[in-house]
Amino acid sequence: MNLNKKNILITGGTGSFGRACVRHILKNYNPNKLVIFSRDELKQYEMLQDLKNINVKNSCLRFFLGDVRDKDRLDLALKGINYVIHAAALKQVPAAEYNPMEFVKTNIIGAENIIFASINNKVERVISLSTDKAANPINLYGATKLAADKLFTAANNLSKGKPIFSSVRYGNVLGSRGSVVPFFNSYRQNKNQKIPITHTSMTRFFISLEDSVKFVLNSLKLMKGGEIFVPKIPSVKIVDLAKAIVPNRKHKIIGVRPGEKIAEVLITKDESKNTLEFKNHYVINSEIFGNHNKKKYKLKDFEYNSSKNSHFLNEKQIRLICKNLKLI
Ligand SMILES: NC(=O)c1ccc[n+]([C@@H]2O[C@H](COP(=O)([O-])OP(=O)(O)OC[C@H]3O[C@@H](n4cnc5c(N)ncnc54)[C@H](OP(=O)(O)O)[C@@H]3O)[C@@H](O)[C@H]2O)c1
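Below you will find a few notes about this structure. As the structure is a prediction and not an experimental result, all values here were calculated from the model.

### Some details on the sheet that holds strand β15 (residues 281-284)
Okay, so step 1: Ordered in space as β3-β2-β1-β4-β5-β6-β10-β15-β14, the nine strands form an open sheet in which the pairing is mixed. Each edge of the sheet is formed by a strand with only one pairing partner; in this case those strands are β3 (61-65) and β14 (275-277). Strand-to-strand, the axes of this sheet are offset by a mean angle of 20 degrees, without reference to chain direction.
Okay, so step 2: Where strand β2 (residues 33-38) meets β3, five bridges bridge the pair, whose relative direction is parallel. Looking across to β3, one finds that Leu34 is bridged to Leu61.
Okay, so step 3: Lying on the sheet, helix α5 (residues 100-120) is in contact with β1 (7-11), β4 (83-86), β5 (125-131) and β6 (164-170); it crosses β4 at an angle near 180 degrees.

Encoded structure:
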């Protein structure tokens, strides 16, 4: 699908994903309008300054201050928009446990507002970013993202094709704001500090920012409405990640934090019965939307689990990737 001449809006456009996505679109396409929708004017100002320093044509950019909790503001922002990429969210697991209603308002009510503003404005496609924490959630962040996924799937029944709504679900993004890579990296200077590790068996799925952007844009192209797109991505052992970023350093085990799992799941056993496998990704089809031919579904009792993944990165590979991405 070509984004040239299209009007595209990215909620959370100043976040880790949003910034990478905007750069990718400006480098590879020529949209008519690319709208960044978020709350903080400083992040928007700083993003514009950064974009002025790279060699991309940015006259199509529009910075729109707004909150996804405010449906009137969203209604205005979505006028004339063809595609919405919904990346705005609150996402820190511990913050969600202590401020549950804030997460409900942004991640769930915000999703509902996006849906109705998109229907009112006859947007063509809406793709929403979800997370592995939404699969069998045990923390409130994951539960709000699962609720948002369900809202986006069900929205296809309301919109009757204009727009179509789908979601993308992936694991940890290497080097994103507040993630474990910058956290471990902050321990490199002080050689006496031990690296805190929650659990020696902990594993996570990992994807690079650039690959997450490519996957979201490809899903925007493939979507028919109601699917959850899941990329095939490698796992890492958190212990190997710590060793890769800060080699030859002692670890201290601090225990699993509230709301944390030892392993993450991208596709649950229950979802596998309506999941299709492709070379580089899976598609979880909605049980309530779309035409289902049960014979198409070959995965039975399959769980895409970060500890049982067939593809693990070792310490050396992680270090090389982090170096290439200039994260260490
Ligand atoms: N990073 C990961 O490891 C990861 C993994 C899987 C899925 N995801 C999902 O990917 C998406 C993007 O994540 P990210 O890493 O880019 O997050 P991020 O860096 O924290 O960025 C979040 C963005 O959302 C905006 N925002 C927050 N609340 C808002 C509101 N109420 N209204 C409008 N904008 C709001 C923020 O800007 P302001 O504060 O200025 O409003 C910021 O631009 C999220 O949906 C997240 O759940 C992330």
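Don't stop here, the text continues.
### So, the site of the ligand
Okay, so step 1: The environment of the ligand is made up of 28 residues, and the closest members are Thr14, Lys43, Lys91, Tyr141 and Lys145.
Okay, so step 2: Between the ligand and the protein, one listed contact pairs an oxygen atom with a side-chain N or O atom of Thr14 at 2.7 Å.
Okay, so step 3: Between Gly15 and the ligand, the recorded distance is 2.9 Å, taken from a backbone N or O atom to an oxygen atom.
Okay, so step 4: Surface burial for the ligand is 95%, taken as the share of its 900 Å² of free accessible area covered by protein chains.
Okay, so step 5: Elements supplying a minimum of two residues to the shell around the ligand: α1 (16-28), β5, α6 (140-159) and β7 (172-173).
Okay, so step 6: Taken together, the residues that form the shell around the ligand break down as nine nonpolar, 12 polar and seven charged.

### What to know about α5
Okay, so step 1: Its 21 residues give α5 an end-to-end C-alpha distance of 29 Å, which sits within 8% of 30 Å, the value for a rise of 1.5 Å per residue.
Okay, so step 2: Along its length, α5 reaches its greatest deviation from straightness, about 30 degrees, at Gly110.
Okay, so step 3: When we look at burial in α5, the residues that qualify are Phe103, Val104, Thr106, Asn107, Ile108, Gly110, Ala111, Asn113, Ile114, Ile115, Ala117 and Ser118.
Okay, so step 4: Just past α5, the residue Lys122 takes up positive phi, approximately 50 degrees.

### What about the pattern of salt bridges?
Okay, so step 1: For the coordinates displayed, the defined rule picks out 13 salt bridges.
Okay, so step 2: In this structure, the salt-bridge partner of Glu102 is Lys105, at a minimum N-O distance of 3.6 Å. Residue Glu102 and its partner Lys105 are both found in helix α5; the two are separated by three residues, about one turn of the helix.
Okay, so step 3: Connected via shared salt-bridge partners are Asp132, Lys133, Arg204 and Glu264.

### Some details on the packing of aromatic side chains
Okay, so step 1: Taken as a whole, this structure holds eight aromatic pairs when the rule is applied.
Okay, so step 2: Ring geometry for Phe152 and Phe165: centres 6.1 Å apart, planes at 40 degrees, overall tilted. With Phe152 in helix α6 and Phe165 in strand β6, this pair connects stretches of sequence that are 13 residues apart. With respect to class, Phe152 is no different from Phe165; both count as buried.
Okay, so step 3: With 5.5 Å between their ring centres and 35 degrees between their planes, Tyr282 and Phe302 make a pair best called tilted. Of the two residues, Tyr282 sits in strand β15 while Phe302 sits in the loop between β15 and β16 (304-305), which places them 20 residues apart along the sequence.
Okay, so step 4: Within the aromatic cluster, the residues linked to one another by ring pairs are Phe205, Tyr282, Phe302 and Tyr304.
Okay, so step 5: Stacked on the ring of Phe312, the Lys or Arg Lys237 has its end atom at 5.9 Å from the ring centre.

Quick notes on the rules
Residues numbered from 1 in each chain as written. Predicted model: local features only at pLDDT ≥ 70, side-chain atom pairs only at ≥ 80, totals over all residues. Heavy atoms only, no water. Pairing = 2+ DSSP bridges. Helix = DSSP H or I, 4+ residues; strand = E, 2+ residues; numbered from the N terminus. Axes fitted to C-alpha atoms, helices over the stretch in contact; angles between N-to-C directions. Contact = heavy atoms within 4.5 Å. Near = heavy atom within 4 Å. Polar contact = N/O pair within 3.5 Å; in protein donor to acceptor, adjacent residues only side chain to side chain. Areas by Shrake-Rupley, 256 points an atom, 1.4 Å probe, with all protein chains shown as cover. Nonpolar A, V, L, I, M, F, W, Y, C, P; charged D, E, K, R; others polar. Expected span 1.5 Å × (residues − 1). Bend = angle between axes of the 7 residues up to and from the residue. Buried < 20%, exposed > 50% of the residue type's maximum accessible area, 1.4 Å probe, protein only. Salt bridge = Lys/Arg side-chain N within 4 Å of Asp/Glu carboxyl O. Phe/Tyr/Trp six-rings, centres within 6.5 Å; stacked < 30°, edge-to-face > 60°. Lys NZ or Arg CZ within 6 Å of the ring centre and 35° of its normal.

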